[in-house]
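# Residue-level structure breakdown
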Amino acid sequence: MSGPKAADVQPKLRRAVEEIGKQVDQARRNAERLSKIEAVDLDAGIRATEEIERKVAANPLTDTIRRHASEEVSALERQRAVFREKMELARREQEKAAELRREAVRLHNQADQLLRGAVSAAQTAARGLATSFGWDLRIEDRKATQARQQAKEALRLERAASESIRRALDHKKNAKSAYDAAWVLGRQHLEKFNSVSTQAAEQEKAERIAEENQRNAMAGKSGTDALLASIHGLRHEKFAPGELAALQPAVAEFRGAFDRKDYAAAAEISSGLLPRLRTLEQKVMQRQNEFDAAMLSAQNALKAAREEISVLDRNELIRWTAEEQAVNNAFDAISGAEERIAAEQFGEAEALIGPSLEAIRKFAAAAEERSNAAAQRMELAEVIMNALYEQGYDSPTYYYAQQNAAGADVEFSDLTIFAKAPGVRGDMRMNIDLDGKVRLEVEGIAEGEEAACHQLVSDLQKGVGDEIDFVMTDWGRAAGIDSEAKVAIREQVRTQEKTRERQKNG
């Protein structure tokens, strides 16, 4: 009976199984990445920050505060505004992460459905092959083709899901950083609010004191105590070394006057002391906030970078890019960022992490692209070598154009196939680049024997005709034999593929 036979269906089924394997591997990697998204715990940070948010909302700026701490009100309002901005940013980033995760799951589910269809089709084809006994295998041939197509589409969907997962992880980590920053700002605001509220309450009490100097002195004391308590609660020696010590003589003078009940002197001293303490507090607070924000940003960037590159194989990147020094430098730079963070060089650490992570991403993309192209090229080479072998050539050999310093093949360099002809002329030598373009030479053809060259190439075209669209577009000296010859060589693997297997041993 006519129609596909086992030898026709088996290569298709093998490639379908390979595509299914790639899809399964991509799905596994996506599952690992999804687990990393789940590992970024926002719940504790959200609960803590929302508790701060409720306390901020429950402690409005009262008329008493506005009346007795007017110079502090604008600072408190700025703190509240920045805190709200951070909360809004955190929630936006969290929602973006959730949306991208849902998209990734949707794509993964579509891919999984296609994969199940591919597996079912492949199993049907395999069962038919096992019981064919040489019969016509149209159904099995169709099922093998269907299995590969569904597996390839499933792999495309999984790769799209992978990109959504990567973006979701970035947004979730951004949300975590924003919640962390909001928590710090909110706690700082509450501490400042409590201090100012206490100061305002004491000044309200001072208003009821009849004597003006006494009231002013008491207000100065409450302001001085509140500012000193706030400054001592900050790391003032780190961010303004020696500046508080420089104000201690004035503080001691104020307290001495107040203790002697010399309220006029105390009020006079406090009028000059309070602005200096307030300026110092604001300076230290700003520098400390900048330091803490830079530290958190660098630490989060380092953690995110380490998690992202943990799924990559450094040796595979070197193998497919041949950029050993650059790949090692990028990985080592991310490791070296930890030392910069320990040395409080946060900007330098992020300057190392960002470009290095971007370089690793480019290396990973290039490695994946080249490894896929190399696999496709090897399929093409197998088709050509099978055809040459079946036409009576010796078992074809192949080799790569480049080797690295260790002597190993550079698998994305040009691939050369050589097949010895059965006679004294007509040896075939083909060079295939990574894009699948072929340069073919027929060796040992003398002047005047171009027809023999034309015949050998025509036989090769017929031999691979069922698997690839192999069109000679530059016949060289044999061009006159084919008036339709063009100027380049083109080949393209068809959707309906058929591969004949070479017998390796005679």
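Everything here concerns the structure above.
Everything in this summary refers to the structure shown in the same document.

About the cut-offs
Residues numbered from 1 in each chain as written. Predicted model: local features only at pLDDT ≥ 70, side-chain atom pairs only at ≥ 80, totals over all residues. Heavy atoms only, no water. Helix = DSSP H or I, 4+ residues; strand = E, 2+ residues; numbered from the N terminus. Buried < 20%, exposed > 50% of the residue type's maximum accessible area, 1.4 Å probe, protein only. Contact = heavy atoms within 4.5 Å. Areas by Shrake-Rupley, 256 points an atom, 1.4 Å probe, with all protein chains shown as cover. Pairing = 2+ DSSP bridges. Axes fitted to C-alpha atoms, helices over the stretch in contact; angles between N-to-C directions. Polar contact = N/O pair within 3.5 Å; in protein donor to acceptor, adjacent residues only side chain to side chain. Phe/Tyr/Trp six-rings, centres within 6.5 Å; stacked < 30°, edge-to-face > 60°. Parallel < 35°, antiparallel > 145°, perpendicular 65-115°, else oblique. Left-handed = near helix turned anticlockwise from the far one by under 90°. Nonpolar A, V, L, I, M, F, W, Y, C, P; charged D, E, K, R; others polar. Expected span 1.5 Å × (residues − 1). Core = buried A, V, L, I, M, F, W, Y, C linked by side-chain atoms within 4.5 Å.

### With respect to the overall build of the protein
Regarding its fold elements, the protein presents 13 helices and six strands. For the protein, buried positions account for 42% of its 506 residues. Here the analysis covers contacts within the protein between residues at least 6 apart in sequence; of these, 71% occur between residues at least 24 apart. When the accessible surface of the protein is split by element, carbon and sulfur atoms take 50% of a total near 26,400 Å².

### A few points about the sheet that holds strand β4 (residues 438-443)
One open sheet accounts for four strands, arranged β1-β2-β3-β4; its pairing is antiparallel. Each edge of the open sheet is held by one strand with a lone partner, namely β1 (397-400) and β4. Looking at each pair of strands side by side, their axes are set apart by 15° on average, direction ignored. In this structure, strand β3 (residues 427-432) lies alongside β4, joined through six bridges in antiparallel fashion. When the bridges of β4 are listed, D427 appears paired with E443. Each of β1, β2 (415-419), β3 and β4 touches helix α12 (residues 346-390); the most contacted strand, β2, lies at about 10° to it.

### A closer look at the environment of L357
Mapped onto the fold, L357 is located in helix α12. Taking the C-alpha atoms as reference, L357 lies 9.8 Å from A304; in sequence the two are 53 residues apart. Ignoring sequence-local partners within four residues, the contact set of L357 consists of A305, E308, I309 and I334.

### Quick word on helix α10 (residues 314-321)
Note: α-helices contain 3.6 residues per turn, so residues at a spacing of three or four share the same orientation. For α10, the full list of buried residues reads L317, I318, W320 and T321. Tucked inside the fold, the buried residues of α10 contact α11 (324-342) and α12. Capping of α10 at its N-terminal end is provided by D313; its side-chain oxygen lies 2.9 Å from the backbone amide nitrogen of N315. Remark: A322 follows α10 within two positions and exhibits a positive phi of approximately 60°.

### Structural notes on the side chain of E93
Among the structural elements, E93 can be located in helix α4 (residues 70-130). E93 sits in the buried class, given a relative accessible area of 9%. Here the side chain of E93 touches H171 through a polar contact of 2.7 Å, side chain to side chain. Here E93 is in contact with H171, N174 and A175, once residues within four sequence places are set aside.

### Topic: the packing of aromatic side chains
Scanning all chains against the criterion turns up five aromatic pairs. Relative to F291, the ring of F239 has its centre 5.4 Å away and its plane inclined at 65°; by these criteria the two rings are edge-to-face. Of this pair, F239 sits in helix α7 (residues 236-239) while F291 sits in helix α9 (residues 263-309), and the two are 52 residues apart along the sequence. Neither F239 nor F291 differs from the other in exposure class; each is buried. With a centroid separation of 6.2 Å and an interplanar angle of 35°, the aromatic rings of F254 and F258 are classed as tilted. Taken together, the residues F254 and F258, both in helix α8 (residues 243-259) and four residues apart, mark about one turn of the helix. For F258, a relative accessible area of 15% translates into the label buried.

### A look at the packing of α10 against α11
A packed helix pair is summarised by two numbers, namely the angle formed by the two axes and the spacing between the axes. Axis separation between α10 and α11 bottoms out at 9 Å; the angle between their running directions is 150°. Looking at the two axes, α10 sits roughly antiparallel to α11. Considering only the axes of α10 and α11, their crossing is right-handed. Of the residues in α11, those touching α10 at R314, L317, I318 and T321 are E324, V327, N328, F331 and D332. Split by residue class, the contact of α10 with α11 holds four nonpolar, two polar and three charged.

### What about unusual backbone geometry?
Peptide bonds are trans in most cases, and residues, glycine excluded, mostly fall at negative phi. Positive phi values are uncommon outside glycine, yet A322 reaches one of about 60°. Inspection of the secondary structure assignment puts A322 in the loop between α10 and α11. Unusually for a residue other than glycine, E344 sits at a positive phi of about 65°.

### Quick word on α12
With 45 residues, α12 should cover 66 Å at 1.5 Å per step; its first-to-last C-alpha distance of 65 Å lies within 8% of that length. Just downstream of α12 lies G392, where phi reads positive at about 100°.

### Let's talk about the nonpolar core
Counting residues in each nonpolar core, the largest one holds 48 residues, and the members touching the most others are L277, L280, L317, I334 and I360. Those elements giving two or more residues to this core turn out to be α6 (212-232), α8, α9, α10, α11 and α12. In terms of residues, this core owes the most to one element, α9, which gives 14 residues. With residues up to four places along the chain from it excluded, the contact list for L317 reads L312, A322, V327, F331, I360, F363, A364 and A367. Listed in part, the 18 residues of the second largest apolar core include L380, I384, Y393 and Y400.

### As for the packing of α9 against α11
Two elements in contact, α9 and α11, have axes whose closest approach is 10 Å; the angle formed by their N-to-C orientations is 155°. When the axes of α9 and α11 are compared, the pair comes out roughly antiparallel. Regarding α9 and α11, the two cross each other, and that crossing is left-handed. Touching A298, Q299, L302, A305, R306 and I309 of α9 are F331, I334, A337, E338 and I341, all from α11. By residue class, the composition of the contact of α9 with α11 is eight nonpolar, one polar and two charged.

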